[in-house]
Amino acid sequence: MEDMEKKGRHGKRRTKGGLITMPFIFANEVCEKLAVVGFSTNMISYLTEQLHLPLTKAANTITNYNGTASLTPLLGAFISDAYAGRFWTITVASIIWQLVKKFFPLCPTKLI
């Protein structure tokens, strides 16, 4: 083993990750934050003007939505790591997503 270290045979270096992928991660985060801010602004306008909710209730609804949207990935990660595994977590979450989309179409007046 020491003989290999002296000759410089340490194996192939991994070239994935690190500083090469960092700009893509930052760009993804920036786009996500812009989408969240845009969604919140449009949703406040929709809830107050179309559904005639008071501004305080509309703001509370958006805050609850943003909090739930921020915590569900943590819940999914915990379930995936502790119990189910990545494949089964993604599979079950996708099935739940499809069922919700089928039985609750985009009709906010029925959900509120």
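Preceding block: the structure.
Reading guide: rules and limits
Residue indices begin from 1 for each chain and proceed along its sequence in written order. Predicted model: local features are reported for residues with pLDDT of at least 70 only, side-chain atom pairs are reported and counted for 80 or more only, and whole-chain, interface and lining totals are derived from all residues. Think of the side-chain values as coming from all heavy atoms in the structure, minus any hydrogens and water. Patch definition: residues with relative accessible area over 30% and no salt bridge; like charges joined within 9 Å; nonpolar side chains (Val, Leu, Ile, Met, Phe, Trp, Tyr) joined within 5 Å. Only the protein chains shown count as cover for residues, and the accessible areas themselves come from Shrake-Rupley with a 1.4 Å probe. Throughout this description, the term salt bridge denotes a Lys or Arg side-chain nitrogen within 4 Å of a carboxyl oxygen of Asp or Glu. Elements are defined by DSSP. Helices are runs of H or I of four residues or more, strands are runs of E of two residues or more, and each kind is numbered from the N terminus. Think of it this way: a Phe, Tyr or Trp ring, Trp meaning its six-membered ring, pairs with another when their centres are within 6.5 Å, and the plane angle makes it stacked under 30 degrees, edge-to-face over 60, tilted otherwise. Under the scheme applied here, a residue whose accessible area is under 20% of the maximum for its type counts as buried, over 50% as exposed, and between as partly exposed, the area being computed with a 1.4 Å probe on protein chains only.

Draft legend 1. Summary view of a nonpolar patch on the surface. A contiguous nonpolar surface patch, about 680 Å² in accessible area, is contributed by Val92, Ile95, Ile96, Leu99, Val100, Phe103 and Phe104. Structurally, phenylalanine 104 is set in the loop between helix 4 (86-103) and helix 5 (108-111).

Draft legend 2. Structural context of the packing of aromatic side chains. For the structure shown, the criterion picks out 3 aromatic pairs. Taking the centre distance of 5.2 Å and the plane angle of 40° together, the rings of phenylalanine 39 and tyrosine 65 count as tilted. One end of the pair, phenylalanine 39, is in helix 2 (residues 22-50); the other, tyrosine 65, is in helix 3 (residues 55-84), and 26 residues separate them in sequence. Centre to centre, the rings of phenylalanine 78 and tyrosine 83 are 5.8 Å apart; their planes meet at 80°, and the pair counts as edge-to-face. The class of phenylalanine 78 is partly exposed, set by a relative accessible area of 48%. Using a relative accessible area of 67% as the deciding quantity, one classes tyrosine 83 as exposed.

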